[in-house]
Amino acid sequence: MTGSTYDESMPTMNNSPLLPGVKRSEVFAWAMFDFANSGYTTVVLTAVFSTYFVGIVAGNAAWATLLWVSSLSTSYLISMLLMPAIGAWCDRHAKKKRALLMSTILCVIGTSALGWSGPGDLAWSVFWIVVSNVAFSLGESLIAAFLPELAKPESMGKVSSWGWAWGYVGGMLALAICLFWIIHGIHSGYTTTQVVPQTMWITAAIFLLSSSYTFWRLPERASPQLSIESTRFLQKAWNDLVEALKWAKDRPSFTQLLKCITLYQAGVSVAITVAAIYAEGEMGMSKQDTMLLIFLLNIAALIGAWGLGWIQDRIGHIQFDQTLSEAIVQCILENVVVNTTQVIG
């Protein structure tokens, strides 16, 4: 990003995926938030703290995984209840950026607090995983709200893929640093119980430092909507939600899209939540091997995010979804056939 090719004063070209007046540094600042917060999902929710919670904090109790999943489910429910009101407040005051900053600080505090979790600290760990994940989920919604201010409608997939791909880079960086920390600690004679908690502080520091560029360079382009009384913004938020559901009910295609998104998110959440727990608890993988596996999966996800967003814009959302769905169904059927053949044989 050097030389005249990064001159921010240059106007965007007609074939640019960005809206007129949007600088490339603003898009990079927007993508930097994905870079910053991806360490949380990679290290805390997937690769490191999930297994630490089940194995150390909960002592590998029979209910440990259920408690972990229930804690995250509670945090998602709270996020669902809070987001309409927060969204309405942001629209009225045009302060998405301020709300994003508050959610980031809260997530960083919650992640840091998890570093003080030890054997038997169930209440402490559950409380802070709920707090941190609520803040993370709110931040995901808030940063996504900036995208329509940056990208042209026909280029949403491409620009969004930039953020997703850069996010996986951030997740890999956080995981690599944490993996180095754990391997070095174990080689120095420390136990996993002693070295894992510090990875929460590493993740929190990466989140805080990396997201600072977002708050420095990403502008708030929305205008306040002060026609709504401040005392009625919560009521309006819920009214808007009800009206949106009524609107969707009269549009079967959109309703189908919502159902697909729900099922997709459910599947992804399960994979993220229990992947490492299953790998270590049932498959006998070590902490280092699990982290390396998640690192390799992030590389594959980076390639997919970067390429599929471009393909989506090129061939259209509907055709892309149909093609992807057919590929997934084919993979499932092939897996069923192979497994059935092995059992019969």
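Here we summarise the structure given alongside this text. Please read all numbers here as calculations on a predicted model, not as lab measurements.

## Comments concerning helix α1 (residues 24-47)
Part 1 of the reasoning: With 24 residues, α1 should reach 34 Å at 1.5 Å per residue; the first-to-last C-alpha distance of 33 Å fits that figure.
Part 2 of the reasoning: Along its length, α1 reaches its greatest deviation from straightness, about 30 degrees, at N37.
Part 3 of the reasoning: Counting buried residues in α1 gives 22 out of 24 residues, a clear majority hidden from the surface.

## What about the nonpolar core?
Part 1 of the reasoning: Formed by 63 residues in total, the largest nonpolar core has its most connected members in W30, V44, F49, W68, I129 and M291.
Part 2 of the reasoning: Sorting the residues of this core by element identifies α1, α2 (49-57), α3 (64-93), α4 (96-114), α5 (122-144), α6 (156-187), α7 (192-217) and α10 (287-315) as the ones contributing at least two each.
Part 3 of the reasoning: Sorting elements by how many residues they give to this core places α1 first, with 11 residues.
Part 4 of the reasoning: Sequence-distant contacts of M291, defined by excluding residues within four places in its chain, comprise A47, V48, L175, C178, L179 and I182.

## A closer look at the pattern of salt bridges
Part 1 of the reasoning: For the structure shown, the criterion picks out three salt bridges.
Part 2 of the reasoning: Between R221 and E26 there is a salt bridge, with its nearest N and O atoms 2.3 Å apart. Here the residue R221 occupies a position in the loop between α7 and α8 (233-249), and E26 occupies one in helix α1, the gap between them amounting to 195 residues.
Part 3 of the reasoning: Its salt-bridge partner being E220, residue K96 comes within 2.5 Å of it at the nearest N-O pair. Placement of K96 in helix α4 and of E220 in the loop between α7 and α8 is noted, with a sequence separation of 124 residues between them.
Part 4 of the reasoning: Where salt bridges share partners, they join K96, E149 and E220 into one cluster.

## Observations regarding a nonpolar patch on the surface
Part 1 of the reasoning: Taken together, the side chains of L77, M80, L81, W238, L241 and L245 present a nonpolar region at the surface, about 600 Å² in accessible area.
Part 2 of the reasoning: Elements supplying a minimum of two residues to the nonpolar patch: α3 and α8.
Part 3 of the reasoning: In this structure, L245 sits in helix α8.
Part 4 of the reasoning: Its relative accessible area of 53% is what places L245 among the exposed residues.

## Observations regarding the packing of α1 against α6
Part 1 of the reasoning: Contact pair α1 / α6: the axes reach a minimum separation of 6 Å and the direction vectors enclose 45 degrees. Considering their axes alone, α1 and α6 lie oblique with respect to each other. Crossing of α1 against α6: the hand is right-handed.

## Focus: unusual backbone geometry
Part 1 of the reasoning: One non-glycine residue, N60, lies in positive phi territory at about 60 degrees.
Part 2 of the reasoning: Looking at the secondary structure, you find N60 in the loop between α2 and α3.
Part 3 of the reasoning: Looking at N60, the relative accessible area reads 58%, which means it is exposed.
Part 4 of the reasoning: One non-glycine residue, A94, lies in positive phi territory at about 55 degrees.
Part 5 of the reasoning: Along the chain, A94 turns up in the loop between α3 and α4.

## Here we look at the packing of α4 against α7
Part 1 of the reasoning: At a minimum axis distance of 8 Å, the contact between α4 and α7 shows a crossing angle of 165 degrees. In terms of axis orientation, α4 runs roughly antiparallel to α7. Seen from above, α4 lies across α7 with left-handed handedness. Residues K97, L100, L101, T104, C107, V108, T111, S112 and L114 of α4 form the contact with α7, whose own contacting residues are M200, W201, T203, A204, F207, L208, S211, T214 and F215.

## A look at the packing of aromatic side chains
Part 1 of the reasoning: Under the definition given, this model contains 15 aromatic pairs.
Part 2 of the reasoning: Ring centres of F33 and F215 lie 6.3 Å apart, and the angle between their planes is 85 degrees; on these two criteria the pair is classed as edge-to-face. Pair noted here: F33 is in helix α1 and F215 is in helix α7, with a separation of 182 residues, a long-range link.
Part 3 of the reasoning: For F215, a relative accessible area of 17% corresponds to the buried category.
Part 4 of the reasoning: With 5.1 Å between their ring centres and 25 degrees between their planes, Y40 and F136 make a pair best called stacked. Remark: F136 occurs in helix α5 and Y40 occurs in helix α1; sequence separation between them is 96 residues.
Part 5 of the reasoning: In this structure Y40 comes out as buried when scored by relative accessible area, which is 1%.
Part 6 of the reasoning: Clustering of aromatic rings is evident, with ring pairs tying together F28, F35, W166, Y213 and W216.
Part 7 of the reasoning: The ring of F146 has K96 sitting right over it, with the charged end atom 4.7 Å from the ring centre.
Part 8 of the reasoning: When the ring centre of W216 is taken as reference, the NZ or CZ atom of R217 above it lies at 5.2 Å.

Rules of the game
Residues numbered from 1 in each chain as written. Predicted model: local features only at pLDDT ≥ 70, side-chain atom pairs only at ≥ 80, totals over all residues. Heavy atoms only, no water. Helix = DSSP H or I, 4+ residues; strand = E, 2+ residues; numbered from the N terminus. Expected span 1.5 Å × (residues − 1). Bend = angle between axes of the 7 residues up to and from the residue. Buried < 20%, exposed > 50% of the residue type's maximum accessible area, 1.4 Å probe, protein only. Core = buried A, V, L, I, M, F, W, Y, C linked by side-chain atoms within 4.5 Å. Contact = heavy atoms within 4.5 Å. Salt bridge = Lys/Arg side-chain N within 4 Å of Asp/Glu carboxyl O. Patch = residues over 30% accessible without salt bridge, like charges linked within 9 Å, V, L, I, M, F, W, Y side chains within 5 Å. Areas by Shrake-Rupley, 256 points an atom, 1.4 Å probe, with all protein chains shown as cover. Axes fitted to C-alpha atoms, helices over the stretch in contact; angles between N-to-C directions. Parallel < 35°, antiparallel > 145°, perpendicular 65-115°, else oblique. Left-handed = near helix turned anticlockwise from the far one by under 90°. Phe/Tyr/Trp six-rings, centres within 6.5 Å; stacked < 30°, edge-to-face > 60°. Lys NZ or Arg CZ within 6 Å of the ring centre and 35° of its normal.

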